[in-house]
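These are the residues of each chain, in order.
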Amino acid sequence: SLRDFLLEYRDSLSFLPAPVEDRLADFAQLFQRHVASLKERARACVNSDDRALKQILVLSELLADSEEGHSWEKVLLSTLPCSPKTGTKAHWKPSRELEEARRLFQELGESWTQTRAAWTHNLTIALVVWLQGYLAVYEEKKRERGSLDFVDLLLLTRDLLKRDLLVRRYFQRRFHFLLVDEFQDTDPLQAEIIFFLAEQESRATDWAAVTLQPGK
């Protein structure tokens with residue numbers, strides 16, 4: 001669940017990316033213009049089964065829903081029918097109208113993809129920030145009970161090895177070899193511990209500055 005993910009990676013929340021520019025207003029305007037233009041192009045289609053025509057009809061329905069008060073977010077959550085290769089030239093008189101419709105499909109699809117990516121990016125960041133209130137309560141409850149979870153044990157171990165060079169040196173000398181099974185499943189916090197234990201000399205203040213001991 002999202003809650004479990006937040007708890008497990010709470011040490012990495014400082015690396016959250018910044019929100020990006022919201023493109024929804026620009027997309028809404030482009031969507032309205034392009035669908036209006038596509039409806040004009042649709043008059044040149046002489047076959048009601050043409051796939052390009054059907055795309056235009058679906059887009060027109062989505063536009064109507066949005067203009068009736070439904071949120072534009074519904075359009076972003078929908079699978080937008082914007083294939084730029086659909087339609088049959090023989091069904092369009094003149095055929096250049098189909099070419100123009102395909103161009104509009106292409107532009108609309110690209111704008112939808114970019115807008116949806118920015119929207120979901122910002123929504124995810126906002127949700128994580130909002131859930132930090134839950135994380136604060138979780139930490140307070142642990143303090144009240146004097147308890148630690150598994151991630152706390154890893155955090156305390158990492159912090160001790162990072163800040164206390166004597167402790168780090170002690171464990172480096174105690175363990176001559178480190179075998180990490182399924183290293184591809186190691187999370188960043190565990191990787192930091194491994195780097196500090198496998199350091200050539202106890203001097204780095206950050207795992208990224210560690211020089212690893214060859215063969216360890």
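It should be noted that the structure appears before, not after, this text.
Quick caveat, the model's predicted, so the values are computed rather than measured. (Residues numbered from 1 in each chain as written. Predicted model: local features only at pLDDT ≥ 70, side-chain atom pairs only at ≥ 80, totals over all residues. Heavy atoms only, no water.)

## Some remarks on the overall build of the chain
Here is step 1: Looking only at helices and strands, one finds eight helices and zero strands in the chain.
Here is step 2: For the chain, the N- to C-terminal ordering of α and β elements is α-α-α-α-α-α-α-α.
Here is step 3: A globule of 216 residues ought to have a C-alpha radius of gyration of about 17 Å, yet the chain, at 28 Å, is considerably larger.
Here is step 4: Based on the C-alpha atoms only, the size of the chain along its principal axes is roughly 80 × 45 × 25 Å.
Here is step 5: Taken across its 216 residues, the chain has 38% of its residues classed as buried.
Here is step 6: Within the chain, residue pairs in contact and separated by at least 24 positions form 69% of the contacts whose partners lie at least 6 positions apart. (Helix = DSSP H or I, 4+ residues; strand = E, 2+ residues; numbered from the N terminus. Rg over C-alpha atoms; globule rule 2.2 N^0.38 Å. Buried < 20%, exposed > 50% of the residue type's maximum accessible area, 1.4 Å probe, protein only. Contact = heavy atoms within 4.5 Å.)

## Overview of the pattern of salt bridges
Here is step 1: According to the stated counting rule, one finds 21 salt bridges in the structure shown.
Here is step 2: Among the ionic pairs, Asp159 bridges to Arg158, the shortest N-O distance being 2.6 Å.
Here is step 3: Each of Arg10, Glu139, Lys142, Asp149 and Asp152 takes part in a single network of salt bridges with overlapping partners. (Salt bridge = Lys/Arg side-chain N within 4 Å of Asp/Glu carboxyl O.)

## Here we look at the packing of aromatic side chains
Given two aromatic rings, one states the distance between the centres and the angle between the planes to describe the pair.
Here is step 1: Overall, the coordinates contain eight aromatic pairs when judged by the stated rule.
Here is step 2: A connected cluster of aromatic rings, assembled from ring pairs, spans Phe27, Phe31 and Trp72. (Phe/Tyr/Trp six-rings, centres within 6.5 Å; stacked < 30°, edge-to-face > 60°.)

## A look at unusual backbone geometry
Here is step 1: In this structure, Pro94 follows Lys93 across a cis peptide bond, with omega equal to 0°.
Here is step 2: Within the fold, Pro94 resides in the loop between α4 (73-77) and α5 (96-145).
Here is step 3: Although it is not a glycine, Glu182 adopts a positive phi angle of roughly 55°.
Here is step 4: Along the chain, Glu182 falls in the loop between α7 (165-174) and α8 (188-197).

## Describing the nonpolar core
Here is step 1: Counting residues in each nonpolar core, the largest one holds 29 residues, and the members touching the most others are Phe27, Phe31, Leu59, Trp72, Leu80 and Leu108.
Here is step 2: Looking at this core, the elements that each hand over two or more residues are α2 (24-41), α3 (51-67), α4 and α5.
Here is step 3: Those residues in contact with Leu108 that sit more than four places away from it in its chain are Phe27, Leu30, Phe31, His34, Leu59, Leu80 and Cys82.
Here is step 4: Judged by nonpolar contacts, the second largest core, of ten residues, contains Leu154, Leu189, Phe196 and Ala204. (Core = buried A, V, L, I, M, F, W, Y, C linked by side-chain atoms within 4.5 Å.)

## Structural notes on a nonpolar patch on the surface
Here is step 1: Taken together, the side chains of Leu2, Phe5, Leu127 and Trp130 define a hydrophobic patch exposed on the protein surface, amounting to about 450 Å² of accessible area.
Here is step 2: Elements represented by at least two residues in the nonpolar patch include exactly α1 (2-8) and α5.
Here is step 3: One can find Phe5 in helix α1. (Patch = residues over 30% accessible without salt bridge, like charges linked within 9 Å, V, L, I, M, F, W, Y side chains within 5 Å. Areas by Shrake-Rupley, 256 points an atom, 1.4 Å probe, with all protein chains shown as cover.)

## Focus on α5
Here is step 1: The terminal C-alpha atoms of α5 lie 73 Å apart, and with 50 residues this matches the ideal 74 Å at 1.5 Å per residue to within 8%.
Here is step 2: Its maximal kink placed at Gly133, α5 deviates by approximately 30°.
Here is step 3: Downstream of α5 by one or two residues, Gly146 has phi in the positive range, about 60°. (Expected span 1.5 Å × (residues − 1). Bend = angle between axes of the 7 residues up to and from the residue.)

## Brief notes about the side chain of Arg41
Here is step 1: You can see Arg41 is positioned in helix α2.
Here is step 2: Within the structure, Arg41 has its side chain in polar contact with the side chain of Ser37 (distance 3.0 Å).
Here is step 3: A polar contact of 2.4 Å, which involves the side chain of Arg41, links it to the side chain of Glu97.
Here is step 4: If near-sequence neighbours (up to four positions away) are discounted, Arg41 is found in contact with Trp92, Glu97, Glu100, Ala101 and Leu104. (Polar contact = N/O pair within 3.5 Å; in protein donor to acceptor, adjacent residues only side chain to side chain.)

## Here we look at helix α6 (residues 150-163)
Here is step 1: Over its 14 residues, α6 extends 20 Å from the first C-alpha to the last, a length consistent with the 20 Å expected when each residue adds 1.5 Å.
Here is step 2: For α6, the complete set of buried residues consists of Val151, Asp152, Leu154, Leu155, Arg158, Asp159 and Leu161.
Here is step 3: Tucked into the core, α6 has its buried residues touching α1, α5, α7 and α8.

## Examining the state of the cysteines
Each disulfide consists of a covalent bond between the sulfur atoms of two cysteine residues.
Here is step 1: Under the criterion given, the structure shown has zero disulfides.
Here is step 2: Not engaged in a disulfide, the cysteine Cys45 finds its nearest cysteine sulfur in Cys82; these two sulfurs lie 17 Å apart.
Here is step 3: The exposure class of Cys82 is buried, given its relative accessible area of 11%. (Disulfide = S-S within 2.5 Å.)

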